[in-house]
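Tertiary structure, described
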Amino acid sequence: MSRQSPSPQSPAEQASAIQNVEWRVEHTPVDYPQALAEMEARAAAIFEGQAAERVWLLEHPPLYTAGTSADPAELLDPRFPVHDAGRGGRYTYHGPGQRIGYLNIDLRERGRDVRNFVHHLEGWMIDALGDFGIAARRAEGRIGIWTDDTQGREAKIGALGIRVRRWVTLHGFSINVDPDLSHFGGIVPCGLAEYPVTSMAALGIQVPMAELDSALARHFPAFISRLRRCPAADEAGVEQCETGR
């Protein structure tokens, strides 16, 4: 079967796609249980048609979260509180200096395609980091966003973990702006012991959190407008739209 290219969306279509998405930014750290409860309540309200979709940008106090695939052997030093996250993935660290983005997006109106959502979420993070000269990328077979550190090693600069309930998304992504990288030493981040973790600051790029937020906002319309079911490449499944992004 021949591959079909999705039709590009006009500026008007892009504007329509984002006009009802709330953009919320917190300026003080939010406790994880509070954020989780509010995120789940918002997802339920979206499903019932009682609330708008939301992007929620925040930071947490230092903590570890355990995804549904977390291996207890990878919790090396529980120096911070450990929370069950209810998302996919393994152990992650969250703390000050790390931008967290929680996404409550209604995929019922945006293609009902989880792989498409994850693919373009990665692309959104990559595009935002690119505004600061960071050559971030995906890595085949490894979740997350990667770049080369100052020693030339492939290092993780962003993570993502998603749950979808009744076609409304929960959880989202993290980007390391200027966290204390030693805090990652209490876990095997995402189960990948052989790869280091880096940050924008460790790469020599010192920017306020608000500047990253602005970059995310600039690239958000393109991200949200790409969320749709992709044309089938073959009988085996569904390909990603615009896989070069």
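Reading guide: rules and limits
Residues numbered from 1 in each chain as written. Predicted model: local features only at pLDDT ≥ 70, side-chain atom pairs only at ≥ 80, totals over all residues. Heavy atoms only, no water. Helix = DSSP H or I, 4+ residues; strand = E, 2+ residues; numbered from the N terminus. Buried < 20%, exposed > 50% of the residue type's maximum accessible area, 1.4 Å probe, protein only. Contact = heavy atoms within 4.5 Å. Areas by Shrake-Rupley, 256 points an atom, 1.4 Å probe, with all protein chains shown as cover. Pairing = 2+ DSSP bridges. Axes fitted to C-alpha atoms, helices over the stretch in contact; angles between N-to-C directions. pLDDT = per-residue confidence, 0-100. Polar contact = N/O pair within 3.5 Å; in protein donor to acceptor, adjacent residues only side chain to side chain. Phe/Tyr/Trp six-rings, centres within 6.5 Å; stacked < 30°, edge-to-face > 60°. Core = buried A, V, L, I, M, F, W, Y, C linked by side-chain atoms within 4.5 Å.

A separate point is the overall build of the protein chain. Scanning the protein chain from N- to C-terminus turns up 4 helices and 12 strands. Counting every position in the protein chain, which comprises 245 residues, the buried fraction comes to 50%. Taking the intrachain contacts of the protein chain between residues at least 6 apart in sequence as the baseline, contacts between residues at least 24 apart amount to 68%. When the accessible surface of the protein chain is totalled, it reaches about 11100 Å², and 49% of it is carbon and sulfur.

This part takes up the sheet that holds strand E5 (residues 91-94). On the basis of which strands lie adjacent, the open sheet formed by 3 strands has the order E4-E3-E5 and mixed pairing. Across the chains shown, the open sheet's two edge strands, defined by having one partner strand only, are strand E4 (82-84) and E5. Recorded for the sheet is a direction-independent mean angle of 30 degrees between the axes of neighbouring strands. Bridge count for strand E3 (residues 63-66) against E4 is 3 bridges, and the pairing is parallel. Among the inter-strand pairings, Ala 66 is bridged to a residue of E4, identified as Asp 84. In the packing of helix H2 (residues 32-47) onto the sheet, the strands contacted are E3 and E4, and the crossing angle to E4 comes to about 15 degrees.

Our next topic: the confidence of the model for the protein chain. When the pLDDT values of the protein chain are averaged, the result is 86; 84% of them are 70 or greater. Note that residues 1-16 has pLDDT below 50 and, in this model, 15 contacts with residues that lie over four places away or in other chains. In this model, residues 234-239 is a region of pLDDT below 50 whose contacts with residues beyond four sequence positions or in other chains number 13 contacts.

The next point concerns the side chain of His 183. By the element assignment, His 183 lies in the loop between strand E10 (168-176) and helix H4 (209-225). Reaching out from His 183, the side chain makes a polar contact with the side chain of Tyr 93 at a distance of 2.7 Å. In contact with His 183, other than residues within four places in its own chain, are Pro 62, Tyr 64, Arg 79, Phe 80 and Tyr 93.

Below, the discussion takes up the packing of aromatic side chains. This model, assessed by the stated rule, comprises 13 aromatic pairs. With 5.6 Å between their ring centres and 55 degrees between their planes, Tyr 64 and Phe 80 make a pair best called tilted. Placement of Tyr 64 in strand E3 and of Phe 80 in the loop between E3 and E4 is noted, with a sequence separation of 16 residues between them. Residue class for Tyr 64 comes out buried when judged on its relative accessible area of 0%.

On to the sheet that holds strand E9 (residues 154-165). Spatially, 7 strands are ordered E1-E2-E6-E10-E9-E8-E7 in an open sheet, and the strand pairing comes out mixed. Since the sheet does not close on itself, it has two edges, and those belong to strand E1 (22-25) and strand E7 (137-139), each with one partner. On average, each strand axis in the sheet is tilted by 20 degrees relative to the strand beside it, whichever way the strands run. The sheet contacts of H2 involve E1, strand E2 (54-58), strand E6 (98-104), E9 and E10, and relative to E10 the element is tilted by about 140 degrees.

For the rest of this paragraph, the subject is the environment of Pro 78. Residue placement: Pro 78 occurs in the loop between E3 and E4. For Pro 78, a relative accessible area of 52% gives the class exposed. Separated by 14 residues in sequence, Pro 78 and Tyr 64 place their C-alpha atoms 7.9 Å apart.

Ranked by internal contacts, the top residues of the largest apolar core, which has 35 residues, are Leu 103, Phe 117, Leu 121, Trp 124, Phe 173, Met 200 and Phe 223. Residue assignment for this core shows that the elements contributing at least two residues are E2, helix H3 (114-130), E9, E10 and H4. It is H3 that provides the largest number of residues to this core, a total of 8 residues. The contacts of Phe 173, once residues within four sequence positions are left out, are Leu 57, Arg 99, Ile 100, Gly 101, Leu 103, Leu 121, Trp 124, Met 125, Ala 159, Leu 160 and Leu 216. In this structure, Leu 36, Ala 43, Leu 63 and Ile 100 belong to the second largest nonpolar core, which totals 15 residues.

Moving on: the environment of Ala 215. On the secondary structure map, Ala 215 appears in helix H4. Exposure remark for Ala 215: the relative accessible area of 0% places this residue in the buried category. Once the C-alpha coordinates of Ala 215 and Trp 124 are considered, the two residues, 91 residues apart in sequence, prove to be 9.6 Å apart. With sequence-adjacent residues up to four places away left out, Ala 215 is seen in contact with Ala 128, Asp 131 and Phe 132.

Quick look at unusual backbone geometry now. We note that Arg 112 has phi near 50 degrees; this positive angle belongs to a residue other than glycine. Tracing the backbone through its elements, the reader meets Arg 112 in the loop between E6 and H3. A positive phi is found at His 171, a non-glycine position, where the angle reads about 65 degrees. Relative to the helices and strands, His 171 resides in strand E10. The exposure class of His 171 is buried, given its relative accessible area of 3%.

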